[in-house]
Amino acid sequence: MRQTIAAPLLALNLLASTSHAHAAPPPGPLAFTPPPESAMPGGKFGDAVKRGENIFRHTTIFEKGVIGNALNCSNCHLDAGRLAGSAPMWAAYNAYPAYRSKNGKVNSFGMRLQGCFAYSENGKVPALGSPTIVALEAYAYWLTSGAPTGTPLAGRGYPELAPPPKPATYAAGAAVYASNCALCHGAAGQGQYARGQTVFPALWGDKSFNWGAGMGSIKNAAAFVHANMPYGAVGTLSVQQSWDVATYIDSQNRPQDPRFTNSVAVTRSKYHNNKYSMYGKTVNGHVLGDQAPGTAP
């Protein structure tokens, strides 16, 4: 009887091990190219897509009074959300709904956009179904035309960046910034403007993103810088320089985190308790984040 049972079990084990050994590896991210501007549709849908593109490119104009700083969506998502490796909208749209640890919920793409207004734009949060959210959803949806669903697309987010060869420092970052960034973004990170429009975005101060934004993470900022900056000279900064300058930028004053608990220490403990956030740390004698909500000293 034991032999009768053992034989089938042995066969099943061999089959399982053989099947596992020859299992196909999981597919990697797929390459994708969004449709060209010339393919933008007409009709009501096309109107919504165009409005979404306008909001994305010129947020300070089309959402004046909603946003609380001087940033356009396209300042962090380059080429109007088209550029791979710069958090393109076509790759982001394809990835939602998804769970986000930031708010502990499964987020729709519309909810993800709301987060951008709250943190990166330091502004008011448009309601789901509002003309603003609907237009931005339409634009991202159109950019994703022809992309497969349920499959990661190559170029999403910012390329993973290797750790720095040595610990990043404020002083080294200040030198990198002065040589490579100040010409466009200003010596004090204030950005540059013409006729009331943002030409180069502010990197800190009251016209920039607040402490709750993704760029407030040194890791995210370093990855973005290494993949996309300096403008017109991408690839000239080393891994070390990218980490150094991100550390310098994220060690400056900026608007308060909207989740502020009336205590910098408690806010850090709840939302910034990681090695990539400078919130609550003391730099040049000042505790970062120690200011009234919505302001930057």
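Residues numbered from 1 in each chain as written. Predicted model: local features only at pLDDT ≥ 70, side-chain atom pairs only at ≥ 80, totals over all residues. Heavy atoms only, no water.

(A) Representation of the confidence of the model for the chain. Confidence in the prediction for the chain averages 91 pLDDT; 89% of positions are at 70 or higher. The low-confidence segment residues 1–22, where pLDDT is below 50, has 0 contacts with residues more than four positions distant or belonging to other chains. (pLDDT = per-residue confidence, 0-100. Contact = heavy atoms within 4.5 Å.)

(B) Broad picture of the pairing of strand β4 (residues 197–200). Bridge count for strand β3 (residues 192–194) against β4 is 3 bridges, and the pairing is antiparallel. Looking at the pairing, Ala-194 lines up with Gln-197 of β4. Between the end of β3 and the start of β4, which pair antiparallel, lie 2 residues, with Arg-195 showing a positive phi angle near 55 degrees. (Pairing = 2+ DSSP bridges. Helix = DSSP H or I, 4+ residues; strand = E, 2+ residues; numbered from the N terminus.)

(C) The arrangement of the packing of helix α10 (residues 218–228) against helix α11 (residues 239–249) in detail. Here α10 crosses α11 at 130 degrees, and the two axes come no closer than 8 Å. The orientation of α10 with respect to α11, classified from their angle, is oblique. Once α10 is placed against α11, the crossing between them reads as right-handed. Across the interface between the two elements, Ile-218, Lys-219, Ala-221, Ala-222, Val-225 and His-226 of α10 pack against Val-239, Ser-242, Trp-243, Val-245, Ala-246 and Thr-247 of α11. Within the contact of α10 with α11, the residues separate by chemical class into 8 nonpolar, 3 polar and 1 charged. (Axes fitted to C-alpha atoms, helices over the stretch in contact; angles between N-to-C directions. Parallel < 35°, antiparallel > 145°, perpendicular 65-115°, else oblique. Left-handed = near helix turned anticlockwise from the far one by under 90°. Nonpolar A, V, L, I, M, F, W, Y, C, P; charged D, E, K, R; others polar.)

(D) Quick look at the packing of helix α6 (residues 109–118) against helix α7 (residues 131–143). Two elements in contact, α6 and α7, have axes whose closest approach is 10 Å; the angle formed by their N-to-C orientations is 115 degrees. Here α6 runs over α7; the crossing is right-handed. Of the residues in α7, those touching α6 at Phe-109, Gly-110, Leu-113, Gln-114 and Phe-117 are Thr-132, Ile-133, Leu-136, Glu-137 and Ala-140. Split into classes, the residues belonging to the contact of α6 with α7 amount to 6 nonpolar, 3 polar and 1 charged.

(E) Seen up close, the packing of aromatic side chains. Here the structure, examined in full by the defined rule, presents 13 aromatic pairs. Taking the centre distance of 5.6 Å and the plane angle of 75 degrees together, the rings of Trp-211 and Tyr-279 count as edge-to-face. Of this pair, Trp-211 sits in the loop between β4 and α10 while Tyr-279 sits in the loop between α12 (264–271) and β5 (282–283), and the two are 68 residues apart along the sequence. Each member of the pair, Trp-211 as well as Tyr-279, carries the same accessibility label: buried. Aromatic rings pair up to connect Phe-45, Tyr-93, Tyr-96, Phe-109 and Tyr-141 into one cluster. Above the plane of the ring of Tyr-119 lies Lys-102, whose end atom (NZ or CZ) is 3.9 Å from the centre. If you follow Lys-207 out to its NZ or CZ, it ends over the ring of Tyr-193, 4.4 Å from the centre. (Phe/Tyr/Trp six-rings, centres within 6.5 Å; stacked < 30°, edge-to-face > 60°. Buried < 20%, exposed > 50% of the residue type's maximum accessible area, 1.4 Å probe, protein only. Lys NZ or Arg CZ within 6 Å of the ring centre and 35° of its normal.)

(F) Seen up close, the pattern of salt bridges. One pass over the full model with this rule turns up 7 salt bridges. A salt bridge links Glu-37 to Arg-82, with the nearest nitrogen and oxygen atoms 3.9 Å apart. Here the residue Glu-37 occupies a position in the loop between α1 (2–21) and α2 (43–57), and Arg-82 occupies one in the loop between α4 (78–81) and α5 (89–93), the gap between them amounting to 45 residues. Among the residues examined, Arg-82 registers a relative accessible area of 13% and is labelled buried. Within this structure, Glu-37, Lys-50, Glu-53, Arg-57 and Arg-82 form a network of salt bridges that share partners. (Salt bridge = Lys/Arg side-chain N within 4 Å of Asp/Glu carboxyl O.)

(G) Structural view of unusual backbone geometry. Between Tyr-96 and Pro-97 the backbone carries a cis peptide bond, its omega angle lying at 5 degrees. Relative to the helices and strands, Pro-97 is located in the loop between α5 and β1 (98–100). A cis amide bond links Met-229 to the next residue, Pro-230, at an omega of -5 degrees. Within the fold, Pro-230 resides in the loop between α10 and α11.

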